[in-house]
Amino acid sequence: MRYISTRGQAPVLDFSGVLLAGLADDGGLYVPETWPSFSPAEWRALRGLPYAELAARVMRPFVGDSLSHETLSRLCRAAYAGFRHPAIAPMVQLDTELWSLELFHGPTLAFKDMAMQLLGQLFDHVLAEQNRRVTIVGATSGDTGSAAIEACAGKERVDIVILHPNGRTSEVQRRQMTTVLAPNVGNVALDGTFDDCQDMVKAMFADVPFRGEMQLSAVNSINWARIAAQVPYYVAAALALGAPDRPVSVAVPTGNFGNVLAAWVARKMGLPIERLIIGSNRNNILSRFLDANDMSMRPVEPSLSPSMDIQVSSNFERLLFELMDRDATKTRTAMLGFRTTGHLSVDASVWQSARSLLTGFTLDDEATLAEIRRLYAASGYLADPHTAIGIAAARAHALPGVPVIAAATAHPAKFPDAMEQATGQRPPLPPRLADLYDRLEKYTCLPNDIAAVQGFVRAVARRNAA
Ligand SMILES: *Cc1c(COP(=O)(O)O)cnc(C)c1O
């Protein structure tokens, strides 16, 4: 399988290449040159497989010749071995035709583990084959950093440094990062905001000699391998509910559009997904686009579902490329215009095809709390604020006779205050994390100064190289 950039001016790469590259050189995102598809008989043959094996078979066409099937299967098994549920992504029935697909049984209690755990395995394997090592640097306001650290801790070929804004993450989030004591992990509490952390990471990437010396790399949500690793759970869930012999719908609480894009990919591969429903909090750039062809950046407003507090849904560019009939010039013009004007303008025909593909839904904080309360009263189910938005979206837009799979993206124990406010219950952390508050933390406080941060990155990377 070969990969091309949505902006048409970057080298064509194979799976290993896009894994290590992340973003394309031309600022675009890598997508498969052609979409693989499975016949109904091929989908049926996946029924009942253990999750890791199903994941390897679904990802097979995307990986192509980069890895043998034995290797891919082994890496999938290793990636999911640490999950707290043998089904990896179990479903819970909430109503006659409504199911919660629980994606939060990984080490950091959020769905990002589903892809990131596999990414850690893939990085280590591909780097060993190429006799290379990389230093991953990233900024986080919470969830992504901990998932990346858990995925890279102890890996041979990878060192990782994550910057978080000092005093501005929740205690659970900070401890999930700072209590991972592997020698290849560095945590920086930066004197500044999340934006300062992000600017610092960008500045380090822009320093070309430093970037080369450290072999800097990133694991952010625009990495194609993360999308590919999110397709299998939609397949497993749909098969369990009767696909391909019966259609299903999918509802996803959305931030960067990665998770819902993976559902779209499953559909593109021939899985009968009738409706793709996307839930947002009040930072609802996608819903505004679907309602009124208005995709305009607005300042981010904090909400009860912080992982969806975004200004731009980066992965949307991949869908836009498809909606524009894979015209890279048109995609590039639209995206550059969006960057400079803060407004994406697309033809009415493109907007109409987006509307026929996606159903948008917005829920504010008050209604989110009400939905959590309602769910708890109806069935005793505790849904975190992100998950509750997806479930409310599913209920609002379900089609008669078509079961809906609602992606449950975080464990409710990650958001104890919101849960208590809505239900009076503070959900306990799962047993393996119960002592999180007693664990030793290790992190380094640094000023918002590039020389200081680069010195720290060097020290983490060198220790491992020595
Ligand atoms: C990251 C995240 C999301 C948003 O997922 P995208 O792939 O960015 O759309 C939703 N919920 C939770 C809990 C998350 O951590």
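Above this text is the structure in question.
Residues numbered from 1 in each chain as written. Predicted model: local features only at pLDDT ≥ 70, side-chain atom pairs only at ≥ 80, totals over all residues. Heavy atoms only, no water.

Looking at the site of the ligand
Rule in force here: Whether a residue is near a molecule or strand depends on its heavy atoms: it is near if one of them lies within 4 Å of it. Whenever two N or O atoms come within 3.5 Å, that pair is a polar contact, provided that in protein one can donate a hydrogen and the other can accept it, and provided that, for residues adjacent in sequence, both atoms are side-chain atoms. With residues, only the protein chains shown are counted as cover, and all accessible areas are computed by Shrake-Rupley using a 1.4 Å probe. Under the grouping applied here, Gly and all other residues not named as nonpolar or charged are polar, the nonpolar ones being Ala, Val, Leu, Ile, Met, Phe, Trp, Tyr, Cys and Pro and the charged ones Asp, Glu, Lys and Arg.
With respect to spatial proximity, 15 residues lie near the ligand, and among them K112, G255, N256, N259 and T409 are the closest. A distance of 3.2 Å is found between an oxygen atom of the ligand and a side-chain nitrogen or oxygen belonging to D143. Burial of the ligand by the protein chains amounts to 96% of its free accessible area of 380 Å². Residues that form the shell around the ligand fall into these classes: five nonpolar, eight polar and two charged.

Things to note about the pattern of salt bridges
Defined as follows: We count a salt bridge whenever a side-chain nitrogen from Lys or Arg sits within 4 Å of a carboxyl oxygen from Asp or Glu. Accessible area is worked out with a 1.4 Å probe on protein chains only. A residue is then buried under 20% of its type maximum, exposed over 50%, and partly exposed in between. Secondary structure counts use DSSP, requiring at least four H or I residues in a row for a helix and at least two E residues in a row for a strand, with both numbered from the N terminus.
The full count for this structure, using the stated rule, is 20 salt bridges. E322 is the salt-bridge partner of R326, the closest N and O atoms lying 2.9 Å from each other. Judged by relative accessible area, which is 13%, E322 ranks as buried. With its nearest N and O atoms 3.0 Å apart, the salt bridge here joins R395 to E371. Placement of the pair is R395 in helix α17 (residues 385-397) and E371 in helix α16 (residues 365-379), with a sequence separation of 24 residues.

Observations regarding the nonpolar core
To keep it simple, the criterion reads: What is meant by a nonpolar core is a set of buried Ala, Val, Leu, Ile, Met, Phe, Trp, Tyr and Cys residues, joined one to another through side-chain atoms within 4.5 Å. Contact criterion: two residues are considered in contact whenever any of their non-hydrogen atoms come within 4.5 Å of each other.
In terms of nonpolar packing, the biggest core is built from 112 residues, with Y80, F123, W224, Y234 and F316 touching the most fellow members. Looking at which element gives the most residues to this core, the answer is helix α10 (residues 224-240), with twelve residues. Filtering out sequence-adjacent residues up to four positions away, W224 remains in contact with Y3, F15, V18, Y30, P32, W35, F62, V265 and R318. Counting residues in hydrophobic clusters, the runner-up holds 25 residues, among them M308, Y381, V404 and M419.

What about the environment of A251?
Here A251 lies in strand β9 (residues 248-253). Residues A251 and S345 lie 94 residues apart in sequence; the distance between their C-alpha atoms is 26 Å. Apart from residues no more than four positions distant in its own chain, A251 is found in contact with I277, G390, A394, V404, I405, A406 and A407.

Considerations on the sheet that holds strand β10 (residues 273-280)
Short version of the rule: What makes two strands pair is DSSP finding at least two bridges between them. Orientation is described by axes fitted as lines to C-alpha atoms, over the contacting stretch for helices, and by angles from 0 to 180 degrees between their N-to-C directions.
Strand order in this open sheet of six strands is β3-β4-β14-β9-β10-β13, and the pairing throughout is mixed. Both outer strands of the open sheet, β3 (91-95) and β13 (358-362), are each paired with one neighbouring strand and no more. Strand-to-strand twist across the sheet, computed as the mean angle between neighbouring axes with direction ignored, equals 25°. Sheet topology places strand β4 (residues 98-102) next to strand β14 (residues 404-408); five bridges connect them, and they run parallel. Its bridge partner lying in β14, S100 is registered against A406. Here helix α11 (residues 258-268) sits on the sheet and contacts β9, β10 and β14; the angle it forms with β10, its principal contact strand, is near 175°. In the packing of helix α12 (residues 285-292) onto the sheet, the strands contacted are β10 and β13, and the crossing angle to β13 comes to about 120°.

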